[in-house]
Amino acid sequence: MHPPENGAEAAGPSQRDGSSRRRLAFTGAMLVLMLVFTALGAWQVQRLFWKLDLIERVESRVNAEPVQAPTRTQWPDVTAERDEYRHVTATGQFDHTKETFVQAVTELGPGFWVLTPLATQDGSTILINRGFVPPERRDQANRPQGQPEGTVEVKGLLRISEEGGGFLRSNAPEADRWYSRDVSAIASAKDLPETAPYFIDADATPNPGGYPVGGLTVIRFRNTHLVYALTWFSMALMSGGITYVIWRKRLL
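Predicted model only: the values in this text are computed from it and were never measured.

**Regarding the environment of Ser239**
Among the structural elements, Ser239 can be located in helix α4 (residues 225-249). Among the residues examined, Ser239 registers a relative accessible area of 6% and is labelled buried. Not counting residues up to four positions away in its chain, the partners in contact with Ser239 are Met30, Leu33, Met34 and Phe37. Among the polar contacts made by the side chain of Ser239, one reaches the main-chain carbonyl oxygen of Met235 at a distance of 2.9 Å.

**Quick word on the side chain of Asn207**
With respect to the helices, strands and loops of the structure, Asn207 is situated in the loop between β9 (195-202) and α4. Within the structure, the side chain of Asn207 is placed 2.7 Å from the backbone oxygen of Pro212, a separation counted as a polar contact. Those residues in contact with Asn207, other than ones at most four positions away along the chain, are Arg130 and Pro212.

**A word on the environment of Ala90**
With respect to the helices, strands and loops of the structure, Ala90 is situated in strand β2 (residues 87-94). On the accessibility criterion, Ala90 (1% relative accessible area) is buried. Each C-alpha atom of the pair Ala90 and Gly156 lies 8.8 Å from the other, and the pair is 66 residues apart in sequence. The residues contacting Ala90, other than those within four sequence positions of it, are Ala69, Leu118, Ile126, Val152, Glu153, Val154 and Ile200.

**As for the packing of aromatic side chains**
The full count for this structure, using the stated rule, is three aromatic pairs. Relative to Trp232, the ring of Phe37 has its centre 5.8 Å away and its plane inclined at 20°; by these criteria the two rings are stacked. Here Trp232 lies in helix α4 and Phe37 lies in helix α1 (residues 13-63), a separation of 195 residues in the sequence. Using a relative accessible area of 25% as the deciding quantity, one classes Trp232 as partly exposed. Between Trp113 and Phe132, the ring centres sit 6.4 Å apart and the planes meet at 80°, which makes this aromatic pair edge-to-face.

**So, the pattern of salt bridges**
What the rule picks out here adds up to 10 salt bridges. For Arg159, the salt bridge identified is with Asp201, shortest N-O distance 2.8 Å. Linking Arg159 in strand β6 (residues 151-160) with Asp201 in strand β9, this pair joins segments that are 42 residues apart in sequence. Just as Arg159 is buried, Asp201 falls in that class too. Of the charged contacts in the structure, one is a salt bridge between Lys190 and Asp176, with a shortest N-O distance of 3.5 Å. Of this pair, Lys190 sits in the loop between α3 (183-189) and β9 while Asp176 sits in the loop between β8 (169-170) and α3, and the two are 14 residues apart along the sequence. Taking relative accessible area as the criterion, Lys190 reaches 17% and is therefore assigned buried. Salt bridges linked by common partners bring Glu84, Arg159, Glu162, Arg181 and Asp201 together as one network.

About the thresholds
- Residues numbered from 1 in each chain as written.
- Predicted model: local features only at pLDDT ≥ 70, side-chain atom pairs only at ≥ 80, totals over all residues.
- Heavy atoms only, no water.
- Helix = DSSP H or I, 4+ residues; strand = E, 2+ residues; numbered from the N terminus.
- Buried < 20%, exposed > 50% of the residue type's maximum accessible area, 1.4 Å probe, protein only.
- Contact = heavy atoms within 4.5 Å.
- Polar contact = N/O pair within 3.5 Å; in protein donor to acceptor, adjacent residues only side chain to side chain.
- Phe/Tyr/Trp six-rings, centres within 6.5 Å; stacked < 30°, edge-to-face > 60°.
- Salt bridge = Lys/Arg side-chain N within 4 Å of Asp/Glu carboxyl O.

This is how it looks when you write it as structure tokens:
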């Protein structure tokens, strides 16, 4: 028998056992990753069907005939899942002395949402987002025709309170600076008792004088669940493929 060339030693039993242990450990780790990636992919598929169902439900609400906005006895049952974007109507009188301006950026440019309390017949209050005004129209004196008096009917979409503030900016009630339509905070700052826990985005019915401009609600749902699901499933397949190659070619 001739010794291995270049002084190389033949792999002994201990080396083979070590390689087998490494491959087994690697395979175990890959199997765990495959299970995790597959579970994440399945979860994203579930989220996809949930999102599609949500979009369908919201579209049906938006396009339905308006119904009476939830009354005081119904307020505890109002939820985002069931009521957000519901097409509603409300009747009452505006209190223009307690308007609240919330900073906004819309398709018409930067400016403000005008939130006005609507005193209803049962003694409660609903905040109405009457629409958008540019900075030069913030002062009521620059839009006198758009301040209706007496009983009015408002149609629009029910929206859930936006707590806290906007991106990287918190509401400052003491300075009357608002970055989100936080119903409870606005009601407290404006001394509005018995205020509904939601607000209404007024529809596009023109206001006298043209301002505020209603009907600018953006209904958009980010739906990337299919992309994420395919990504996770692909990573699971890659983990399995790597494991196969390792065993097939005995790379460890």
